[in-house]
Amino acid sequence: MSDLQNELQDLLRRFEDIWSRLKPTQLRELWDPNESDPYYIAEEIAEPMYGWETIEPYWAQSEEILVRFSIRTFDMRCKRVAQDLAVLNFTMHWNGVVKGMEHAPMGLDVRVSALVRKGAEGWRFCHYVESPLGAFPYLQASYQANVDADFLKK
């Protein structure tokens, strides 16, 4: 694994830890402190979030409604696009329980693409986009997962 991969894997471990401890407001620590105009596109919200004035309330609201939450990341790919910039792509699986829906845990795989910048603090996010699988491949996988095991043996 390259130095870049190791450093970005460390960033993802911290990202996983913050979400899994139900402290998304602490995610700001993983963002470039000099970033004045961050972009954040969450898969569960229709409108992209531009700027701290929309991102920080989203994290605060998430912190208020989460009862249990965990994430794991895998299939990380990264490449430098400038001396201090890199593109980071990975798959994230999340599991969650939210207030008012404790009886119905949820989970999903989403693809993430982020731009990260290296500063004095190390690599930090400056642009972040989540994308679930499109409707057709998602439904196709759902139908395939529901085939009876004995049918597959024939």
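Residues numbered from 1 in each chain as written. Predicted model: local features only at pLDDT ≥ 70, side-chain atom pairs only at ≥ 80, totals over all residues. Heavy atoms only, no water.

## A few points about the nonpolar core
- Leu8, Phe15, Tyr40, Phe125 and Tyr128 are the most contacted members of the largest nonpolar core, which totals 36 residues.
- Listing elements by their share of this core, those giving two or more residues are helix H1 (3-20), helix H2 (52-65), strand S3 (66-82), strand S4 (85-98), strand S5 (106-119) and strand S6 (122-132).
- Looking at this core element by element, the count peaks at 7 residues for H1.
- Filtering out sequence-adjacent residues up to four positions away, Phe125 remains in contact with Leu11, Phe15, Leu30, Trp31, Asp32, Leu88, Ala114, Leu115 and Val116. (Core = buried A, V, L, I, M, F, W, Y, C linked by side-chain atoms within 4.5 Å. Buried < 20%, exposed > 50% of the residue type's maximum accessible area, 1.4 Å probe, protein only. Helix = DSSP H or I, 4+ residues; strand = E, 2+ residues; numbered from the N terminus. Contact = heavy atoms within 4.5 Å.)

## Regarding the packing of aromatic side chains
- With the rule as written, the count across this model stands at 15 aromatic pairs.
- When the centroid spacing of 5.9 Å and the interplanar angle of 45° are considered together, the rings of Phe15 and Tyr128 count as tilted. Here Tyr128 lies in strand S6 and Phe15 lies in helix H1, a separation of 113 residues in the sequence.
- Relative to Phe125, the ring of Trp31 has its centre 5.9 Å away and its plane inclined at 40°; by these criteria the two rings are tilted. One end of the pair, Trp31, is in the loop between H1 and strand S1 (39-41); the other, Phe125, is in strand S6, and 94 residues separate them in sequence.
- A relative accessible area of 4% means that Trp31 is categorised as buried. (Phe/Tyr/Trp six-rings, centres within 6.5 Å; stacked < 30°, edge-to-face > 60°.)

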